[in-house]
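Notes for the structure review
Read off the chains here:
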Amino acid sequence: MTLRQIDTIEELRAILDRERRREATIGFVPTMGFLHDGHASLMRAANAANDLVVASIFVNPLQFGANEDLASYPRDLERDTEIAADAGVDLLFVPSVDEMYPHGAVSTSVRVDELARRWEGATRPTHFAGMATVVTKLFWIVGACRAYFGEKDFQQLAIIRRFVADLSIPVEVIGCPIARAEDGLALSSRNTYLEPAERQAATVLSRTLEAAATAIEKGERDPIVVAELMAAMVATEPLARLDYAACVDPATLDVPERIDAPCRLLIAAQVGRPRLIDNLGVSCE
Ligand code: AMP
């Protein structure tokens, strides 16, 4: 099957209903477009495990705050179509804002409590409700067996797992590893905003995560000390401004008393125009 672009919910549902009748398994990859190899890695994973792959491109206004980059979010549908086709996507769902939100503002939304309030949620208070609402809508529209998300957005993945469990949504959520540039920078559509000197400076996020992981591997067990070490390292890079750095429990995203089980290092910093996030898992044996 060659890639087919679908713009309406009705048409997508008609095709997928037919596919389900012949018992095809459906893998789903939601994105906001401006695709890179991180997105393609999710599509390839979906292609390897399912009969049919649906990807969506939708820059969801609900998950952008008033001062964020909704209007200028990078877009290139032609290039995205090529990347998606190469990665094995069969159906590329590209709905308009009107198609997704025909009544304008939604009066029903999906809000996840505790998990969504801290870290990214502290800086972006409406972001996760907007994300959870659109992902729930997309789950209803696609009816996939499996949905693929990047560990790049680690808190997002934890929140999705939580509302899928809380609402008994019949989909298997699969987390995929972070795709990085050769120098360690996590791939992100927003990296395109970086000026050359900022692009260089942005590696401070992955370098900091690696340094913190090494400290834990060498025996550091105090998560506060690890967070301080990360903050100090980011402070050495004049083009970066730290938002948060933390060592957390990978399931609850709480900071543990002591690091005596596998943990996740989280970091967010402004580097020039974009706010970048990254994370790394550490086993503490
Ligand atoms: P976005 O288009 O930024 O909303 O991302 C769509 C999906 O791609 C999300 O599940 C992201 O976590 C995932 N993703 C984005 N960047 C990466 C990356 N560098 N590696 C792996 N997955 C990623």
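One can find the structure itself at the top, above this paragraph.
Report on the accompanying structure. (Residues numbered from 1 in each chain as written. Predicted model: local features only at pLDDT ≥ 70, side-chain atom pairs only at ≥ 80, totals over all residues. Heavy atoms only, no water.)

1. Considering the overall build of the chain
- Helix and strand counts for the chain stand at 11 helices and 9 strands.
- In terms of overall size, the chain behaves like a compact globule, its C-alpha atoms giving a radius of gyration of 19 Å where 285 residues would be expected to give roughly 19 Å.
- By its C-alpha atoms, the chain is 55 × 40 × 40 Å across when sized along the principal axes.
- Counting only residues that meet the buried cut, the chain has 53% of its 285 residues in that class.
- Sequence-distant contacts in the chain: of pairs separated by 6 or more residues, those separated by 24 or more amount to 73%. (Helix = DSSP H or I, 4+ residues; strand = E, 2+ residues; numbered from the N terminus. Rg over C-alpha atoms; globule rule 2.2 N^0.38 Å. Buried < 20%, exposed > 50% of the residue type's maximum accessible area, 1.4 Å probe, protein only. Contact = heavy atoms within 4.5 Å.)

2. Re the state of the cysteines
- Overall, the coordinates contain 0 disulfides when judged by the stated rule.
- Cys176 provides the cysteine sulfur closest to Cys145, a residue in no disulfide bond, and the two sulfurs are 16 Å apart.
- Owing to a relative accessible area of 33%, Cys145 belongs among the partly exposed residues under this scheme.
- Of the cysteine sulfurs around Cys247, a residue in no disulfide, the closest is that of Cys263, at 3.5 Å. (Disulfide = S-S within 2.5 Å.)

3. A word on the site of the ligand
- Close to the ligand lie 16 residues, the nearest being His39, Gly150, Asp153, Ala179 and Leu187.
- His39 places a side-chain nitrogen or oxygen 2.9 Å from an oxygen atom of the ligand.
- In the environment of the ligand, an oxygen atom lies 2.9 Å from a nitrogen or oxygen atom belonging to the backbone of Gly150.
- For the ligand, whose unbound accessible area comes to 490 Å², protein coverage reaches 92%.
- When residues of the shell around the ligand are traced back to their parent elements, those giving at least two are strand 2 (26–31), helix 2 (37–49) and strand 5 (146–150).
- The greatest single-element share of the shell around the ligand, amounting to 3 residues, is contributed by helix 2.
- The class makeup of the residues in the shell around the ligand is 8 nonpolar, 6 polar and 2 charged. (Near = heavy atom within 4 Å. Polar contact = N/O pair within 3.5 Å; in protein donor to acceptor, adjacent residues only side chain to side chain. Areas by Shrake-Rupley, 256 points an atom, 1.4 Å probe, with all protein chains shown as cover. Nonpolar A, V, L, I, M, F, W, Y, C, P; charged D, E, K, R; others polar.)

4. Here we look at the sheet that holds strand 3 (residues 52–57)
- One open sheet holds the 6 strands; their spatial order is 1-4-3-2-5-6, and the pairing between them is parallel. Taken across any chain shown, the strands that pair with only one partner, and hence form the sheet edges, are strand 1 (4–6) and strand 6 (172–176). Between one strand axis and the next, the sheet turns through 25 degrees on average, direction left out of account.
- Sheet topology places strand 2 next to strand 3; 6 bridges connect them, and they run parallel. (Pairing = 2+ DSSP bridges. Axes fitted to C-alpha atoms, helices over the stretch in contact; angles between N-to-C directions.)

5. What to know about the sheet that holds strand 8 (residues 263–271)
- Taken together, 3 strands build an open sheet; the order of strands is 7-8-9 and the sheet is antiparallel. In this open sheet, the two strands that pair with only one neighbour each are strand 7 (240–248) and strand 9 (275–282). Looking at each pair of strands side by side, their axes are set apart by 15 degrees on average, direction ignored.
- Pairing analysis gives 8 bridges linking strand 7 to strand 8, with the strands arranged antiparallel. Bridge pairing in strand 8 places Ala246 opposite Leu266.
- Helix 10 (residues 204–217) rests against strand 7, strand 8 and strand 9 of the sheet, and its axis sits at about 25 degrees to strand 9.

6. Here we look at the side chain of Thr208
- Relative to the helices and strands, Thr208 resides in helix 10.
- Apart from the residues lying within four places of it in its own chain, the contact partners of Thr208 are Met230, Met233, Val234 and Ile267.

7. So, the packing of aromatic side chains
- In total, this model carries 4 aromatic pairs according to the counting rule given.
- Ring centres 6.0 Å apart and planes at 50 degrees place the aromatic pair Phe58 and Tyr101 in the tilted group. Taken together, the positions of Phe58 in the loop between strand 3 and helix 3 (77–86) and Tyr101 in the loop between helix 4 (97–100) and helix 5 (114–117) put the pair 43 residues apart, joining distant regions of the chain.
- Taking the relative accessible area as the measure of exposure, Phe58 reaches 6% and is therefore buried.
- Each ring, one from Phe64 and one from Tyr73, has its centre 5.9 Å from the other, and the planes form 80 degrees; the classification is edge-to-face. For the residue pair Phe64 and Tyr73, the accessibility class agrees, reading buried in each case.
- Over the aromatic face of Phe34 sits the side chain of Arg79, whose NZ or CZ is 5.8 Å from the ring centroid.
- A cation over a ring is seen here: Arg273 above Tyr193, with NZ or CZ 3.9 Å from the ring centre. (Phe/Tyr/Trp six-rings, centres within 6.5 Å; stacked < 30°, edge-to-face > 60°. Lys NZ or Arg CZ within 6 Å of the ring centre and 35° of its normal.)

8. Regarding the pattern of salt bridges
- Taken as a whole, this structure holds 17 salt bridges when the rule is applied.
- Residue Arg111 pairs with Asp113 through a salt bridge whose shortest N-O separation is 3.0 Å.
- When the shortest N-O distance is used, the salt bridge between Arg199 and Asp183 registers 3.0 Å. One end of the pair, Arg199, is in helix 9 (residues 196–201); the other, Asp183, is in the loop between strand 6 and helix 9, with 16 residues separating them in the sequence. (Salt bridge = Lys/Arg side-chain N within 4 Å of Asp/Glu carboxyl O.)

Geometric descriptors of this kind do not, in isolation, establish any biological role.
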